[in-house]
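The primary structure of each chain is shown beneath.
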Amino acid sequence: MFDQYGAPKWMDRTVEKQYVAGEMSIDHVKKLTSAMKYVDAIRRFGHLEADVYAVGGIPEKSNLLNAETYDISEEDLRNMPATWLWDKAPSHVATGLDVVQFLRKRYTGKIAFEYDHVKSEDERNWLLEQIETGRFEIKLSKEEMVQLLDRIIHVEGFEQFLQKKFVGQKRFSIEGLESMIPVLDRIVKLANQDQIENIMMGMAHRGRLSVLAYVLGKPIDKIFSEFNHAPDKELMPSEGSIGINYGWTGDVKYHFGATREVKNGEASTRIKLAHNPSHLEFVNPVVAGFTRAAQDDRTERGYSIQDYNKAMSVLIHGDAAFIGEGIVPETLNLSGLKGYRVGGTLHIIANNLIGYTTDREEARSTRYASDLAKGYEIPIIRVNADDPIACVNAIQLAYEYSHRFKKDCLLDLVGYRRYGHNEMDEPRATQPLMYREIDNHPTVTTIYGEKLKQKNLVNDDDINKMKENVQTELEAVYEGMKEDTLAGISEVKMPDVLANSIDHYETAVPIEELKKLNDDLLNRPEDFNAFKRLNRVFNRRKKLFEEGQKADWGEGEALAFASILKDGIPIRLTGQDSERGTFAHRHVVLYDTETGGTYCPMHGLKDAKASFDIHNSPLSVAAVLGFEY
Ligand SMILES: Cc1ncc(C[n+]2csc(CCOP(=O)(O)OP(=O)(O)O)c2C)c(N)n1
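Residues numbered from 1 in each chain as written. Predicted model: local features only at pLDDT ≥ 70, side-chain atom pairs only at ≥ 80, totals over all residues. Heavy atoms only, no water.

Description of the packing of aromatic side chains
- Taken as a whole and assessed by the stated rule, the structure comprises 17 aromatic pairs.
- Look at Phe224 and Tyr478: their rings are 5.8 Å apart centre to centre, the planes differ by 70°, and that puts the pair in the edge-to-face class. Placement of Phe224 in helix H11 (residues 220-228) and of Tyr478 in helix H19 (residues 460-480) is noted, with a sequence separation of 254 residues between them.
- Pairwise contacts between aromatic rings join Phe161, Phe166, Phe224, Phe227 and Tyr478 into one cluster. (Phe/Tyr/Trp six-rings, centres within 6.5 Å; stacked < 30°, edge-to-face > 60°. Helix = DSSP H or I, 4+ residues; strand = E, 2+ residues; numbered from the N terminus.)

This is the structure:
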């Protein structure tokens, strides 16, 4: 064969020699530019043909990924040295054809990548390098692969047990997206390794009980007991807020939050899942606010001091809700702003291809549920939920990006929904074809179990034993529940200030104290170039206050802030045009007329014992309110 065909052309460097000798034809140049365009297209559009759909059809072939579109043949590619197209090609990638085949594998596999919308060169290079070298991928040991199987068998077994024991009750099963649990496990592990003190999480109903049981470690008997007490057993075909009421707020079992402490060696990480309102996605700004609150040290005067290592945030979204609800872009818009940023949120779309009974085609004008994130330059990693190893790898990359660049990253976890929106709904009435496919689709434990069987890591007996063990464990918990009580679920009491009137609180401040605070508020740094017209306003106020013991609205507010800071209570004030005040009464951040630099008189208060944060917010109502809440 070698004699017959000789060495490949690229090896004798004919093309290179021709180039050096100035003999390169225009045809050569055309072929090279075509090949480069094709390679570029694979990087940019590989996601269009990626193998990320467990059900719901194989994506159509795209012309953008067709060599013919670029007028280049296999033969042409074979005759091209790899390094002409890809200077970092690994040594086994020799020809242009090898490059194409290698990159196709990388970009159209079980994980898809979209990062062409990211404009930072540094970030693009980093992502490209990670993706193409596969450096982010975790090398799971044999034991870890089996543990992963055991983990998803637990999740599946838990959901099946609930189905069996609490017939006709809603649980918003995770089935079809079981890999979400190992994904969250990985985040917890990485955050703990990085000594991040808090993981603040928000999510809606889908898979929440499994997350509570397996990620938050909520005692399973408690979950069972909440099922026993649900008065909505027979009623309520949809998600709603009628249900068991604890105290005055009233809520249902799949809205409860929880906290857990995980410890590994020295470092301890607290996971906090926020309570969820029925209103989808409204938890997003609340979780961002939790995270910022945990990061901000507010014990000294000036702006508070932020430490990203104190907390990170994780948000799990529904595919229909993420693209549909306006609160989502409102919250994403906060992510890069000084007053609101939290050093990167990990977003996971729990993508089951359907929202209640609404298909993709009806739910959005975009191709993907994640497309909104592109406008915020958030890298998108899409993964097939039927491949738990790919899922864990995908979140590893998302975490590393987010941690490194202190920016948001999104994992589009694509699976399906084995039942209806809830377990009382009949999805075959509205999605007959999809559910015919789902009914015939093996569960992830079966698919992954088969994979491990092929690797000789487990056999059928092992898998059956794992499954039986889960049912036995759960049965023991169920049988061991002594009484059907709700012990341990504390009633939420109405806060005093709401129960009684705020008028009971004494807030007056002695006039001498106010005078001193006022003097301090009028101090400026020596080299500060004040705006004269504003100075006149401040001087008029001073006169009015000292001579007439009167204060206008702006003066009154400034003195109120100052006295609160003196009491050691930090203040955070945000909203549209907060610094100046919409009607120009405040001016609590002053601009140097020569340098444009700023000075906040509240930061010059010698007696202040706490931080004063003030930020102009974007033009948002709900997200800003949620964040501050
Ligand atoms: C703001 C708001 N609108 C409507 C609803 C009612 N509702 C609850 S779940 C749901 C479908 C959500 O679909 P998706 O986001 O894809 O999540 P999935 O249930 O499929 O996991 C709807 C319309 C709600 N709870 N909140």
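Observations regarding the environment of Lys139
- Tracing the backbone shows Lys139 in the loop between helix H7 (121-133) and helix H8 (142-165).
- For the pair formed by Lys139 and Asn393, sequence separation is 254 residues and the distance between their alpha carbons is 9.2 Å.

As for the site of the ligand
- As a structural note, the neighbourhood of the ligand is formed by 16 residues, with His205, Arg206, Ser278, Asp319 and Ile354 the closest of them.
- One of the backbone nitrogen or oxygen atoms of Ile354 is found 2.9 Å away from an oxygen atom of the ligand.
- Here His421 contributes a side-chain N or O atom positioned 3.4 Å from an oxygen atom of the ligand.
- The protein chains hide 81% of the 580 Å² of surface that the ligand would expose on its own.
- Among the elements of the structure, helix H13 (319-324) and strand S9 (354-355) are those that each provide at least two residues to the shell around the ligand.
- For the shell around the ligand, the element with the most residues is H13, which contributes three residues.
- Grouping the constituent residues of the shell around the ligand by class yields five nonpolar, seven polar and four charged. (Near = heavy atom within 4 Å. Polar contact = N/O pair within 3.5 Å; in protein donor to acceptor, adjacent residues only side chain to side chain. Areas by Shrake-Rupley, 256 points an atom, 1.4 Å probe, with all protein chains shown as cover. Nonpolar A, V, L, I, M, F, W, Y, C, P; charged D, E, K, R; others polar.)

Things to note about the sheet that holds strand S2 (residues 198-202)
- Strand order across the open sheet formed by eight strands is S1-S11-S12-S8-S7-S2-S4-S3, with mixed pairing between neighbours. Among the strands making up the open sheet, the edge pair consists of strand S1 (111-114) and strand S3 (258-264). Within the sheet, the average angular offset between the axes of one strand and its neighbour, ignoring direction, is 20°.
- Helix H12 (residues 283-295) contacts S2, strand S4 (267-273) and strand S7 (311-318) of the sheet and is inclined by roughly 175° relative to S7. (Pairing = 2+ DSSP bridges. Axes fitted to C-alpha atoms, helices over the stretch in contact; angles between N-to-C directions. Contact = heavy atoms within 4.5 Å.)

Some words on the nonpolar core
- The biggest cluster of nonpolar side chains holds 106 residues, and the ones touching the most others in it are Phe158, Leu184 and Ile348.
- Here this core takes eleven residues from helix H16 (residues 388-405), the largest share from any one element.
- Membership of the second largest hydrophobic core comes to 19 residues, among which are Leu514, Leu565, Ile571 and Leu573. (Core = buried A, V, L, I, M, F, W, Y, C linked by side-chain atoms within 4.5 Å. Buried < 20%, exposed > 50% of the residue type's maximum accessible area, 1.4 Å probe, protein only.)

So, H12
- An ideal rise of 1.5 Å per residue puts 18 Å on 13 residues; H12 measures up with 18 Å between its terminal C-alpha atoms.
- With ten of 13 residues buried, H12 lies mostly within the body of the structure.
- Residues of H12 that are buried: Val283, Asn284, Pro285, Val286, Val287, Ala288, Gly289, Thr291, Arg292 and Gln295. (Expected span 1.5 Å × (residues − 1).)

Structural notes on the packing of H11 against H19
- At their nearest, the axes of H11 and H19 sit 9 Å apart, and the two run at 60° to each other. Taken together, the axes of H11 and H19 are oblique relative to one another. In the packing of H11 onto H19, the handedness of the crossing is right-handed. Touching Ile220, Asp221 and Phe224 of H11 are Leu474, Val477 and Tyr478, all from H19.
- Counted by class, the contact of H11 with H19 contains five nonpolar, no polar and one charged residues. (Parallel < 35°, antiparallel > 145°, perpendicular 65-115°, else oblique. Left-handed = near helix turned anticlockwise from the far one by under 90°.)

Let's talk about a nonpolar patch on the surface
- On the surface, a nonpolar cluster with roughly 500 Å² of combined accessible area is contributed by Met494, Val497, Leu498, Ile502 and Tyr505.
- Positionally, Leu498 belongs in helix H20 (residues 496-499). (Patch = residues over 30% accessible without salt bridge, like charges linked within 9 Å, V, L, I, M, F, W, Y side chains within 5 Å. Salt bridge = Lys/Arg side-chain N within 4 Å of Asp/Glu carboxyl O.)

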